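Coordinates in review
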Amino acid sequence: MLGALGAGIAFLILFVAIEARSRERAMMPLSLYRSRNFSATNTVTLLLYFALGGVMYFLPFGLIRLGGYSATQAGAALLPFALIMGFGASFAGAVSDRSGRGCR
């Protein structure tokens, strides 16, 4: 596990180094991170997804231990969330494209 974490950090550093050197046609222009709004939005999004990941990991255990659910019932209780996220993501993307407020 530590090897995978180390490899991920090494690849992240390599990616940033390559992007910093390529002025033309960079996949992720690092100049975007000079914008406070862009950096703050990305930080808040990262923290929200960390929280969501924690909830999605620990909620089934809570349902099983505290709520008396079986493992199947706990999984079924989370199914509506997965369906809403799955179908809602494509719908939100389409709405964003139509409203003209998506990424440009």
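Residues numbered from 1 in each chain as written. Predicted model: local features only at pLDDT ≥ 70, side-chain atom pairs only at ≥ 80, totals over all residues. Heavy atoms only, no water.

Describing the confidence of the model for the protein
Rules: Known as pLDDT, the predictor's per-residue confidence is scaled from 0 to 100. A run of DSSP states H or I qualifies as a helix once it reaches four residues; a run of E qualifies as a strand once it reaches two. Both are numbered from the N-terminal end.
With 95% of its residues at a pLDDT of 70 or more, the protein has an overall mean of 89. Here helix H3 (residues 71–99) stands out as the least confident element of the protein, with mean pLDDT 89; helix H2 (residues 36–65) is the most confident, with 95.

Thoughts on the side chain of Glu 19
How we decide: Nitrogen and oxygen atoms within 3.5 Å of one another constitute a polar contact, given that in protein one can donate a hydrogen and the other can accept it, and given that sequence-neighbouring residues count only through two side-chain atoms. The contact definition used throughout considers only heavy atoms, calling two residues in contact when any of these lie within 4.5 Å.
Mapping Glu 19 onto the fold places it in helix H1 (residues 2–21). Engagement of the side chain of Glu 19 in a polar contact is seen with the backbone nitrogen of Met 27, the distance being 2.9 Å. Not counting residues up to four positions away in its chain, the partners in contact with Glu 19 are Ala 26, Met 27, Met 28 and Leu 30.

Here's the deal with the packing of aromatic side chains
Stated formally: Pairing of aromatic side chains requires ring centres within 6.5 Å, counting the rings of Phe and Tyr and the six-membered ring of Trp. Pairs whose planes differ by under 30 degrees are stacked, by over 60 edge-to-face, and all others tilted.
Per the stated rule, a full pass over the model turns up 3 aromatic pairs. For the ring pair Tyr 33 and Phe 38, a centre distance of 5.1 Å and an interplane angle of 75° mean the geometry is edge-to-face. Both rings, one in Tyr 57 and one in Phe 58, keep their centres 4.9 Å apart while their planes meet at 90°; by these two values the pair is edge-to-face.

Thoughts on the packing of H2 against H3
Applied cut-off: Angles run from 0 to 180 degrees between N-to-C directions of axes, and those axes are lines fitted to C-alpha atoms, restricted for helices to the stretch in contact. Two helices that cross are described as forming a left-handed crossing if the nearer one is turned anticlockwise from the farther one by less than a right angle, and a right-handed crossing if clockwise. Polar here means any residue other than Ala, Val, Leu, Ile, Met, Phe, Trp, Tyr, Cys and Pro, which are nonpolar, and Asp, Glu, Lys and Arg, which are charged; Gly is therefore polar.
As a packed pair, H2 and H3 sit with axes 8 Å apart at the nearest point and diverge in direction by 145°. In this structure, the crossing between H2 and H3 has a hand that is right-handed. Along its contact with H2, which presents Leu 52, Met 56, Leu 59, Pro 60, Leu 63 and Ile 64, the element H3 presents Ala 71, Ala 74, Ala 77, Leu 78 and Phe 81. When the residues that make up the contact of H2 with H3 are grouped by side-chain class, the tally is 11 nonpolar, no polar and no charged.

Details of a nonpolar patch on the surface
This is how it is decided: Residues enter patches when they are more than 30% accessible in relative terms and free of salt bridges; like-charged ones are connected within 9 Å and nonpolar ones (Val, Leu, Ile, Met, Phe, Trp, Tyr) within 5 Å. For every accessible area listed, the method is Shrake-Rupley and the probe measures 1.4 Å; residues are considered covered only by the protein chains on display. Criterion for a salt bridge: a side-chain nitrogen of Lys or Arg within 4 Å of a carboxyl oxygen of Asp or Glu. Partly exposed residues are those whose accessible area sits between 20% and 50% of the maximum for their type, while under 20% is buried and over 50% is exposed, using a 1.4 Å probe and protein chains only.
A contiguous nonpolar patch, built from Leu 2, Leu 5, Ile 9 and Ile 13 and spanning about 450 Å² of accessible area, is present on the exposed surface. Position of Ile 13 among the secondary structure elements: in helix H1. For Ile 13, a relative accessible area of 55% corresponds to the exposed category.

Section: H3
So the rule is basically this: A helix's residues, less one, multiplied by 1.5 Å, set its expected span. Fitting axes to the seven residues ending at a residue and to the seven starting there, one defines the bend at that residue as the angle between these axes.
The terminal C-alpha atoms of H3, which comprises 29 residues, lie 41 Å apart, in line with the 42 Å expected from a rise of 1.5 Å per residue. At Leu 78, H3 shows its maximal kink, close to 30°; a proline, Pro 80, follows between one and four residues later.

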